[in-house]
Amino acid sequence: MKEIRLGRTRLSVSAVGFGGIPIQRLSEADAVDVVRHCLDLGVTFVDTANGYTTSEERIGRAIAGRRESVILATKTAARDGKGVLEHLALSLERLGVKTIDLYQFHCVSSPEDYESIVAAGGPLDVVREAQASRHVRHIGLTSHSMETALKAVESGRFATIMFPFNFIANEAAEELIPLALERDVGFIAMKPLAGGALDNATLAFKYLRQFPQILPIAGIERAEEMEEIVAIMESPAELTPGERDEIQRLRAELGNRFCRRCGYCQPCPEGVSIQALMILDSVIKRMPAAHVFGDFAPLVDEAGACTECGECEEKCPYGLPIREMVKERVALFRSEMVRCGFG
Ligand code: SF4
Ligand code: SF4
């Protein structure tokens, strides 16, 4: 497969990467098969996270014996040095490797989180020490907040930035991607299919191919899905006028219904976890049922505290009808919970 250079890491990686969220839903054997099939297709960049339950362990099994051909990326959501060290040790053990190629601070989307990462003697310094002892090769950061992502790129402290990017949530094309390219920071596009909102892989990846220096990571759970994506990435065909019209139509239809997880709507005066509730539909599709219906049930119950004050909608930069969307997602959660035998 075509390869790209991942910014200042100078790593040469496949033009599309593997995202390790959806394999959590599969049986262990199927998950290992899917990862191996993707590697056979020429995918060399594999991304996972400490927080993705079984994902690291399954990827570790899949890459056993072929470590040299894989660029491994994982993440920690810990915000203190001790927690980061624990996560790093666990990732190395689960993945069965001595070195992680790209270690990322996961979902750093508030100024407070960013400051705790870069604080003297904090998480960043701890990972730099791990870099010196060769447990980590490069350090990156993932975010849903444009402000934080720009700050991280400008700081020069991170070799990569991971941010949502697809033809619905395409704000990164304006400033973040050009800045990352200028500073030689590798840009990794999460949510190329808008977290499951887009089911047309051809449109989604033909759009992304217009940005040949970025690395989209596709979270898939069937090998055929990656076959389709690889074929699109390898094809020279450009977007046709009809496809461009379809993109415009989908933008108009979905653009004001897609949560970017930026968190600007929070905090809610009643303590409602708006951001988590807004992505419930995607979580239900992509995460294991036991995890979804266990961990999210208390948040769904708390949604009942909403007084419909509308404060969150005033703060959302994308004008999302949050009250209506949260209600829809809570209803979906409850019906799926019953359907899956957890209710
Ligand atoms: S509308 Fe509901 S969720 Fe939004 S800020 Fe008000 S109480 Fe919180
Ligand atoms: S609802 Fe709006 S402000 Fe809140 S996380 Fe989603 S996109 Fe951001």
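As a reminder, the structure under discussion sits directly above these lines.
The following refers to the structure shown. Since the model is a prediction, treat every value here as computed from it, not as a measurement. (Residues numbered from 1 in each chain as written. Chains lettered and ligands numbered in written order. Predicted model: local features only at pLDDT ≥ 70, side-chain atom pairs only at ≥ 80, totals over all residues. Heavy atoms only, no water.)

## Describing the site of ligand 2
What counts is decided by this rule: For this purpose, a residue is taken to be near a molecule or strand whenever a single non-hydrogen atom of the residue falls within 4 Å of it. Cavity: a set of points on a 1 Å grid over the protein atoms alone where a 1.4 Å probe fits but cannot get out. Pocket: an open set with protein on both sides within 12 Å along at least five of seven lines, its lining residues, like those of a cavity, having an atom within 4 Å of a point. Throughout, a molecule is located in a cavity or pocket provided that more than half of its atoms lie within 2 Å of its grid points. As a working rule, the residues Ala, Val, Leu, Ile, Met, Phe, Trp, Tyr, Cys and Pro are called nonpolar, Asp, Glu, Lys and Arg charged, and the rest polar, with Gly in that last group.
In the neighbourhood of ligand 2, 13 residues make up the surrounding shell, with Cys 259, Cys 262, Gly 263, Cys 265 and Cys 316 lying closest. The cavity that encloses ligand 2 is the largest cavity. Of the residues assigned to the shell around ligand 2, the class counts are ten nonpolar, one polar and two charged.

## Overview of the side chain of Ser 109
Just so we agree on the cut-off: Helix and strand definitions follow DSSP, with helices as H or I runs of at least four residues and strands as E runs of at least two, each counted in order from the N terminus. Burial here depends on accessible area, computed with a 1.4 Å probe over protein chains only, as a share of the maximum for the residue type. Under 20% is buried, over 50% is exposed, and the range in between is partly exposed. Polar contact is the term for a pair of N or O atoms within 3.5 Å; when the atoms are in protein, one must be able to donate a hydrogen and the other to accept it, and sequence-neighboring residues count only if both atoms are side-chain atoms. Whether two residues touch is decided by their heavy atoms; if any such pair falls within 4.5 Å, the residues are in contact.
With respect to the element layout, Ser 109 can be found in the loop between strand E6 (100-105) and helix H4 (111-118). Given a relative accessible area of 15%, Ser 109 falls into the buried group. A polar contact is formed between the side chain of Ser 109 and the side chain of Ser 143, at a distance of 3.5 Å. Among residues more than four places away in sequence, those in contact with Ser 109 are Ser 143, His 144, Ser 145, Thr 148 and Cys 262.

## Here we look at the pattern of salt bridges
Pairing between side chains of opposite charge can happen when the charged atoms of each approach one another. We apply this condition: For this document, the term salt bridge refers to a Lys or Arg side-chain nitrogen within 4 Å of an Asp or Glu carboxyl oxygen.
Scanning all chains against the criterion turns up 28 salt bridges. With a closest N to O distance of 2.8 Å, Arg 66 and Asp 40 form a salt bridge. Of this pair, Arg 66 sits in the loop between helix H2 (55-63) and strand E5 (71-76) while Asp 40 sits in helix H1 (residues 28-40), placing them 26 residues apart in sequence. The exposure class of Arg 66 is partly exposed, given its relative accessible area of 27%. Asp 40 sits in the exposed class, given a relative accessible area of 56%. Here Asp 101 ties to Arg 67 by a salt bridge, and the two come within 3.0 Å at their closest N and O atoms. On the criterion of sequence distance, the pair formed by Asp 101 in strand E6 and Arg 67 in the loop between H2 and E5 is long-range, its members being 34 residues apart. In terms of burial, Asp 101 and Arg 67 fall into one category: buried. Through salt bridges with shared partners, a single ionic network connects Arg 257, Asp 281, Glu 324, Glu 328 and Arg 329.

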